[in-house]
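Structural overview for review
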There are 2 protein chains.
Amino acid sequence: MRSESSQPLSLHSIRVTDPFWAREIGLIRQAVIPYQWNALNDQIPDAAPSWWAHNMRAAARAVAAKKAGKLFIPAHHSDRIETLPEEGKKPQEDAFYGFVFQDSDGYKWLEAVSYQLMAKPDSALQAQAQKAVDMICAAQEEDGYLDTYYTLTGRERAFTYLRDHHELYCFGHLVEAAVAWHQATGKDDLLNAARRFGECISSKYGPDKERGCPGHEIAEMALMRMYEETGEEQWRDLAKFFLDVRGTEPSTFAQEENRRRAAKGLPELPVSAERYEYYQANMPVRDMKEAVGHAVRQMYLCSGMADEARLCDDAEMEAACDRLWQSVVREKLYITGGVGATHVGEAFSRPFDLPNDTAYSETCAAIGLAFFARRMLQLKPQSSYADVMEQALYNTVLAGMALDGQSFFYVNPLEAVPAACETDARLSHVKPVRQKWFGCACCPPNIARIVSSLGQYIVTQTKDTLYFHLYIGSDLTVNLGGTSMSLRMEADLLKNGDVRISVADGQAVGTLAFRDPAWAGNAQVKIPAGVKSWSENGYLYAKGIWKQGDQITIHFTMPVKALKASPLVKETMGQVCFTRGPLVFCAEEADNGKNLHLLRVLPDQVAEAREKTMLIDGMTLPAMTLPGRRLKEPAANAPLYMPWTPAETEETEITLIPYFAWNNRGKGEMRVWLAE
Amino acid sequence: MRSESSQPLSLHSIRVTDPFWAREIGLIRQAVIPYQWNALNDQIPDAAPSWWAHNMRAAARAVAAKKAGKLFIPAHHSDRIETLPEEGKKPQEDAFYGFVFQDSDGYKWLEAVSYQLMAKPDSALQAQAQKAVDMICAAQEEDGYLDTYYTLTGRERAFTYLRDHHELYCFGHLVEAAVAWHQATGKDDLLNAARRFGECISSKYGPDKERGCPGHEIAEMALMRMYEETGEEQWRDLAKFFLDVRGTEPSTFAQEENRRRAAKGLPELPVSAERYEYYQANMPVRDMKEAVGHAVRQMYLCSGMADEARLCDDAEMEAACDRLWQSVVREKLYITGGVGATHVGEAFSRPFDLPNDTAYSETCAAIGLAFFARRMLQLKPQSSYADVMEQALYNTVLAGMALDGQSFFYVNPLEAVPAACETDARLSHVKPVRQKWFGCACCPPNIARIVSSLGQYIVTQTKDTLYFHLYIGSDLTVNLGGTSMSLRMEADLLKNGDVRISVADGQAVGTLAFRDPAWAGNAQVKIPAGVKSWSENGYLYAKGIWKQGDQITIHFTMPVKALKASPLVKETMGQVCFTRGPLVFCAEEADNGKNLHLLRVLPDQVAEAREKTMLIDGMTLPAMTLPGRRLKEPAANAPLYMPWTPAETEETEITLIPYFAWNNRGKGEMRVWLAE
C-alpha cells in the first residue's frame, strides 16, 4: 500500500448534517429504500416485475433439492440477456426471470440499507435486510456458487459467458453489499457468502488457472474493498488478476465465444482483443490512454485500477489511471459531471463529442465517475479530483432522482424538448419525465447507495492528515496521530460559501487540509493562531495541535459564473453555461416559456445576475435571473430561409434553476447551454 | 383536365446545350448507363450483385414452363424483403435473389436510356435496351402479371403484401419505363406489357373490386403518365382509385397483415389507419396537412396527387397539394433542396428539425421534390415552385453523383466529419465518400433518369404560353397558337445570370413567360419592340408575334448572398449559408483545413466576397473567398470548460465551393452552415 494514501472514514464516524444533503439521505431512507424493497418483491402495481425475490426463492429451493440429493432439472435454457414468462402464461415457480444480472439489484439495495443503518440504527429496517441476507445465503450452492441465473438455468453452463452474463458483476455487487453489511452490523453471514463465492471463483480463475475477467466491471474494486475490510490478500490478488488479464491476447471473451460456437458447429472467430472496446477489453489496462466503451464499465474499471495502484503501490497502473482521468476530464466530460455521450452502447463517444439533446450521460456513469474521483483522491490529494467528484454529485447524480425521491432519470440530457423526445426515434433513450422504475433498474439503487454513503466522499484521511474534499455539513470523529477528536463542519453550499469547522470534543495533533474549489473566488480562511499553514495541489494545509473550541472559518465567494466550453466541442458553439459554486444552472420552460433556444444571454454582463431562491416542489432552492434577450418568433407563414440580417431580439429576463432540480414542475423544455 | 395547365415538351423537342448540364447528361450516357447495365447483369467486380438479369431470366424460364404446361415449383418461400443465396452455397438458378423490388432497377435504367435516345439516337444503346425489354416481356405471365419475385417464390401469394412487397412500386416503374421507351422508339412492346400488367391489377383492384394501394408510391404518377400518353382513361381512374383508397378506414395494410396473421394462427390487430404514417397511409390524402413518413414516398405521392389535381381538375386535391407543399418548404426543407431529415425510416422529421450532420436528405427524395415541383408548376405557374425545383436539382441531386459520374451519395449531409461518420453508429448512414453502388440501388438510376430528362423541367407550355422555369441552355421547338418555332436559350448559370433567348426558326403568336428567380437581383430584360409584357406570380410575361431573329436578353444579377434560417431551426442557430444564383456553397477541408466549425464568417461583409473559379477534378467551377476569422485551436492540455471570454479568433480567408462539388478531392470535412 502507498504510505501517503488516504482512506474514507467509516460511516460510523461521520454523520451528514448538511441541510440539503441530510434531506437527500433521509429521502433515500424514507422513500427510495421501501419502494425498492417492494420492487424487489414485485409488489409495485403497474411496474414491470423485478423477479429478484422470485429468483432467490426459486434458487434456494433448487439448492435445497440438490443438497437433499434430489435431482434438480433446470427450468429452461437460454442465452438471452433477459428472460420473461411466455406471453399469456403464468410464470413458472422454478424458472429464472428478468435480466441475467438481476441478483445485483438486491445486493445494491442491501448495500444502501447498510449505509443507512450506520448513520442511524433502525431495527425494523435491519430485520428486513436480514431477511434479504438470509434469502441470498439460502440460494448459495454447496460449493459456494451464488448466481440464481445459472442455478436455475443450468449450473453446468456457469462461467461460460463472462462477457455478457454478468456472474462476476453480480459477485462484485454481492461483495460490496457484504462488506457494507459487515461494517453496519458486524455480522459476517453475507461476508462469508461472498468469501465462499470468491473461493469458488478463485478455484477456477487465477494466475496458474484459467484466464478470464468480468464483462461488466465492479468485482475489481469490490474485491479490493473486501481485502481492505478483511486483510485477506487473496481478494486483492484476484482483483489484480482480473485487471491484468483484461484486454490481453488471446481475448478470453473471444475464446469463450468460440467455445460456444464450437458447441453449435460454427467456425471459429479471430481471438484478437481489439473488437472488445465496448468492454474495455481491447488492450491491456496498463496501456489504456482513452476512456472508451460502456461508460459505467469504464468508470468502474478505473475505480478498480485506482484501488490497485494504491493498494499495490503500482506506479504503472497509476499512470494508466492518470491518462484515463485526463481523457475524461479534458475531452469527454459534460459540464454537469455526466459521462458517456452516446446511447449506442451507453458509451463514451470520440473526444469533444458532447451533444446536449441526444446525450446519454447515464446517472450510473456519473456515480462511477465519483467512485473513480474519490479513489484518485485517496491516491493523491489534488483538488481537481474533488472538483469533478463534486460536479458529478451536485449535478448529474442529483438530477437522477426527483426532489420527492419517487422517480428517476437513467439518461440525463443537457437539453430536452418533450415533443422531440416523445416522437423522435433518435431520441427514444431520452425521457422527458423521470420514470418510476426501470426494467434494467441500475440507476435508482445506485443513487441510493452513493447518497447513503456520502460521508465517505466528504473527507479522507492519512495517519496524520484529514482532507476536507467536500463542504457538506457533517459531524465526524477522527483519529489523527493517535488521538481522537470530534469535528463539526457547518456548511450549506446551496446557500453560500461559508464554512465553519470546529473541534467539538477531544484533541489531536495533525494536519487539516481544506480544498480550494475551482469554482471559488479568493477564499478567506481564519485558522487558530499558532497553526502552520501552506497550500499545495489545491488544498490549504493547516498543521498544529487541535483542541476543543478551535475553529476554522472559510469564506468562499461564490459568484455566478458564465462558462464556455473548448471550441472543439461543436455542440456548445457560441453558447454559455451559468454556474454558481458547484451547481450548474439551466433554463426551464416553466420560467422561460417554450423554444428555449431562442434565448440569448449576455455573458459579459454576468455580474448583473441576481441571485434569488425559488420554491420547487416544496423546497427552497437557489435560482437566478439574468438580463437577456429573446429572438422574436417568426410569423406562422415566415419563410424557412432568408437573407441574413442581425437577429431581431427583444429584452427579457432569463430565470435559471439548478440543473439537478429540473423536471420537478411537470413536463417542459430544459436547456443548460444558452446561446450568446 | 385543367384548361390552363401546362405540359413539358417531348424530349424530342428540347435538347440541352448548357455547358454544365450537357456535360452531366453526357456523363450519364457515357459513365452511368454502361456501368448500371453491368450492375444489372452482375458484372461489376467487388460490388454486391443486383440479381436483376438473373431474376428476369429465371422468371422467363418459369413462365415458359407454365405456358408449356409444365408444373412450376417455386424455388423458395419467404416474407423477407431481401433474399440472398445461402452462405457458402452457389446461387440457385431458379431462385429469386435481392430485394423484393429489384425489378425496378432495370425499369429505371430503361427509362433513363429512353431519354438519352430521344436526345441522341444510338443504335447500339437501343439494341442493348431492346434486349432488356425483351427480357422483361419474356418474364410476363400469361395473365399479364409481371413481378419476378412472386413468379419465382409463389404466384399464389401475389397481391397479399402490398405494404412492403412493392409489386405496385415495380409496376409504377415499369409504366414509367414503358412510356419513355414508347416515346423514344415508337415501340409499344413494353407499353403493352405495362398495359397487360395494368389490366391484371385492375381486374383485382378498383371501385367495385378489392380495396388496396401501393406501400411505396409511384404507380399513381406513372399511371397518370400512361393516361396522358395513351389517352386511355382507365389508367387515370386506377391512379385516382389508389389515391382515394389510401389512408381510409379500415386500413388495407392492416387488413392484409391480419390475413397473413390469421394464416399463422395469430390474433387480429386493430385495423385503424393511424399507425401507417411512414407510408402516408395514416389518413385520406385529401386531409393531409403535413409531409410525413418516408420522404421519397411522400414526394412521389405528392407528385401523383398533383397530377390528379391537374388531370381531374380536382380543387380539393390541389388544396391538399398546396398544404403539403407549404409543409415542406416552410418547415422541412434543407437549404440544399434536400428533404427527409431523419435516417429512422428515411423520413421527414418534425417541423424545423433539420440537423446538418445526421441529415438523411436522400438523393431520391430531392429528385421526388423536383417531380412534385414540376407538377405544381404544371398546375399553376408560380416561380416559387421553380425556385425549389432548381434548388433541389443544382444542389442535392447533383451532389448525389461524383463529378466523374463514377460514384454516388445516397445520403447528403450538410456537415460531414469523416472521422465521426466512420466511427459513430449514430452517423452510420452518413458516408464520408461516395459509394460505387448500393444494395438498395435506388439513387444512382434515379439520378440517371432525372438528369437524362432534364429538358422536361426547363420549360412547360400551355396552348399559347411557353414558361421558362429554368435557365439552362437548350434548343427547343415549340408549337404556340398553332404554329411552330425553334428557340435557342443560351445560359450558363454556373458562370453568370446572362440569358439570351432567340427565335432560331419559324414564327408563332403567343406568350413567353420568364421566371424571376428568388435568388436574382433586379433583372434587366430586353424584349423586342411591340411585345406586351407584364409580371405575375414571379414570371415576366411577354406576349406578341415571335419571328426568326427575335431576341430576349435577360441579365440577372447574381450576387453572393448570406442567408440565415428561421430561428425555429435549432441546428443552424447563429450560422450562415452562402449562395450565389441557384448554388449553395460549402467549405471543404481541402481549402480550409480541419475543424471547419472553428471558422467564423462575417455575414455583414458579404459584399466583400470575391468570386473566382477553381479546378475540381478537371472541371472549372465557381468558387468564392470570403474574409473571415478562425477560432484559435486550444492547446493540447487546455481545460474543457473555462470562464467565458470573447472567442479568440485570427483573420483568415474562407474558400467556398458549390455544395454539389463536395467530396471530389478525397475524403475531408465539409460544412454548409458556417458560424457567425
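Values in this document were obtained by computation on a predicted structure and should not be read as measured data.

1. Focus on the overall build of chain A
Within chain A, the regular secondary structure consists of 19 helices and 24 strands. Against the compact-globule benchmark of 26 Å for 676 residues, chain A has a radius of gyration of 26 Å, which places it among compact chains. Principal-axis analysis of the C-alpha atoms gives chain A an extent of 80 × 75 × 50 Å. Looking at chain A as a whole, 63% of its 676 residues are labelled buried. Look at the contacts in chain A between residues 6 or more apart in sequence, and 71% of them connect residues 24 or more apart. Element-wise, carbon and sulfur atoms account for 50% of the exposed surface of chain A, whose accessible area totals about 23600 Å². Taking the average place of the 72 positive charges on the side chains of chain A and the average place of its 87 negative ones, the gap between the two points comes to 1 Å.

2. Let's talk about the interface of chain A and chain B
If you look at the interface, chain A gives 64 residues, while chain B gives 64 residues. Between chain A and chain B the total buried area reaches about 4600 Å² when both faces are included, carbon and sulfur atoms providing 62% of it. It is Arg426, Tyr641 and Trp644 of chain A in chain A that bury the most area against chain B; as a group they hold 19% of the surface buried on that side. Taking the shortest distance from any N to any O, the salt bridge between Arg426 of chain A and Asp353 of chain B comes out at 2.6 Å.

3. Considerations on the packing of helix H2 (residues 52-67) of chain B against helix H4 (residues 123-138) of chain B
All names here are of chain B. Between H2 and H4, whose axes approach to 8 Å, the crossing angle comes to 45°. Our classification of the angle between H2 and H4 gives oblique. Two packed elements cross with a definite hand, and for H2 against H4 that hand is left-handed. Contacts between H2 and H4 pair Trp52, Ala53, Met56, Arg57, Ala60 and Val63 from the former with Ala132, Met135, Ile136 and Ala138 from the latter.

4. Examining the packing of aromatic side chains
Inspection of the entire model under this criterion finds 60 aromatic pairs over all chains. With 5.2 Å between their ring centres and 50° between their planes, Phe20 of chain A and Phe660 of chain A make a pair best called tilted. In this pair, Phe20 of chain A sits in helix H1 (residues 19-40) while Phe660 of chain A sits in the loop between strand E22 (649-658) and strand E23 (670-671), placing the two residues 640 residues apart along the sequence. You can call Phe20 of chain A buried: its relative accessible area is 4%. Residues Tyr300 of chain B and Phe371 of chain B carry aromatic rings whose centres are separated by 5.8 Å and whose planes lie at 35° to one another, so their mutual orientation is tilted. On the criterion of sequence distance, the pair formed by Tyr300 of chain B in helix H12 (residues 295-311) and Phe371 of chain B in helix H14 (residues 363-379) is long-range, its members being 71 residues apart.

5. What to know about the relation of the copies chain A and chain B
Turning chain A through 180° and shifting it by 0.0 Å along the axis lays it on chain B, with an RMSD of 0.0 Å. Seen this way, the second copy is the image of the first under a two-fold rotation axis. Nearest to the rotation axis, the C-alpha of Gly574 of chain A is located 3.8 Å from it, this being the minimum over chain A. A shared binding surface is used by both copies, with 100% of the interface residues of chain A retained as interface residues in chain B.

6. Notes on helix H15 (residues 383-399) of chain A
Residue and element names in this part refer to chain A. In this model H15 runs 23 Å from its N-terminal to its C-terminal C-alpha over 17 residues, within 8% of the 24 Å that 1.5 Å per residue would give. Maximum bend of H15: about 35°, positioned at Leu393. Across the 17 residues of H15, 16 count as buried, placing the element largely inside the fold.

7. Things to note about H12 of chain B
Residues and elements named next belong to chain B. Compared with the 24 Å implied by 1.5 Å per residue over 17 residues, the 24 Å span of H12 between its first and last C-alpha is a close match. Burial analysis of H12 places 17 of its 17 residues in the buried class, the great majority of the element. Just past H12, the residue Asp313 takes up positive phi, approximately 45°.

8. As for the environment of Gly405 of chain A
All names here are of chain A. Relative to the elements of secondary structure, Gly405 occurs in the loop between H15 and strand E5 (415-416). Judged by relative accessible area, which is 4%, Gly405 ranks as buried. Here the alpha-carbon distance between Gly405 and Ala31, two residues 374 residues apart in the chain, equals 5.9 Å.

9. Comments concerning the domain arrangement of chain A
Residues and elements named next belong to chain A. The assigned domain composition of chain A is domain 1 (463-556) and domain 2 (560-675). For domain 1 versus domain 2, the separation of C-alpha centres amounts to 37 Å. Taken together, the links from domain 1 to domain 2 amount to 0 salt bridges. At the junction of domain 1 and domain 2, the tally comes to 2 residue pairs in polar contact (both at pLDDT 80 or more). Split by residue class, the side of domain 1 that touches domain 2 holds 4 nonpolar, 1 polar and 1 charged.

10. Some points on the pattern of salt bridges
One pass over the structure, following the stated rule, counts 106 salt bridges over all chains. Arg610 of chain B is the salt-bridge partner of Glu653 of chain B, the closest N and O atoms lying 3.0 Å from each other. On the criterion of sequence distance, the pair formed by Glu653 of chain B in strand E22 (residues 649-658) and Arg610 of chain B in strand E19 (residues 610-616) is long-range, its members being 43 residues apart. Each member of the salt-bridge network shares a partner with another, and the members are Lys240, Asp244, Arg286, Glu308, Asp314 and Glu316 of chain A.

11. Looking at the pairing of strand E16 (residues 575-580) of chain A
All names here are of chain A. Counting buried positions over the 6 residues of E16 gives 6, a clear majority of the element. Burial along E16 is two-sided: the face carrying Gln575, Cys577 and Thr579 and the face carrying Val576, Phe578 and Arg580 are both buried. Of the strand pairs in this sheet, strand E15 (residues 560-565) and E16 are connected by 4 bridges, and their pairing is antiparallel. Across the sheet, the residue bridging to Lys561 is Thr579, located in E16. Direction of pairing for E16 relative to strand E24 (residues 674-675): antiparallel, over a ladder of 2 bridges. Within E24, the residue paired with Val576 across the bridge is Leu674.

About the criteria used
- Residues numbered from 1 in each chain as written.
- Chains lettered and ligands numbered in written order.
- Predicted model: local features only at pLDDT ≥ 70, side-chain atom pairs only at ≥ 80, totals over all residues.
- Heavy atoms only, no water.
- Helix = DSSP H or I, 4+ residues; strand = E, 2+ residues; numbered from the N terminus.
- Rg over C-alpha atoms; globule rule 2.2 N^0.38 Å.
- Buried < 20%, exposed > 50% of the residue type's maximum accessible area, 1.4 Å probe, protein only.
- Contact = heavy atoms within 4.5 Å.
- Areas by Shrake-Rupley, 256 points an atom, 1.4 Å probe, with all protein chains shown as cover.
- Lys, Arg positive; Asp, Glu negative; His and termini not counted.
- Charge placed at Lys NZ, Arg CZ, Asp CG, Glu CD.
- Buried area = accessible area lost by both parts, 1.4 Å probe.
- Salt bridge = Lys/Arg side-chain N within 4 Å of Asp/Glu carboxyl O.
- Axes fitted to C-alpha atoms, helices over the stretch in contact; angles between N-to-C directions.
- Parallel < 35°, antiparallel > 145°, perpendicular 65-115°, else oblique.
- Left-handed = near helix turned anticlockwise from the far one by under 90°.
- Phe/Tyr/Trp six-rings, centres within 6.5 Å; stacked < 30°, edge-to-face > 60°.
- Least-squares fit on C-alpha atoms with pLDDT ≥ 70 in both.
- Expected span 1.5 Å × (residues − 1).
- Bend = angle between axes of the 7 residues up to and from the residue.
- Domains from an automatic or database assignment.
- Polar contact = N/O pair within 3.5 Å; in protein donor to acceptor, adjacent residues only side chain to side chain.
- Nonpolar A, V, L, I, M, F, W, Y, C, P; charged D, E, K, R; others polar.
- Pairing = 2+ DSSP bridges.

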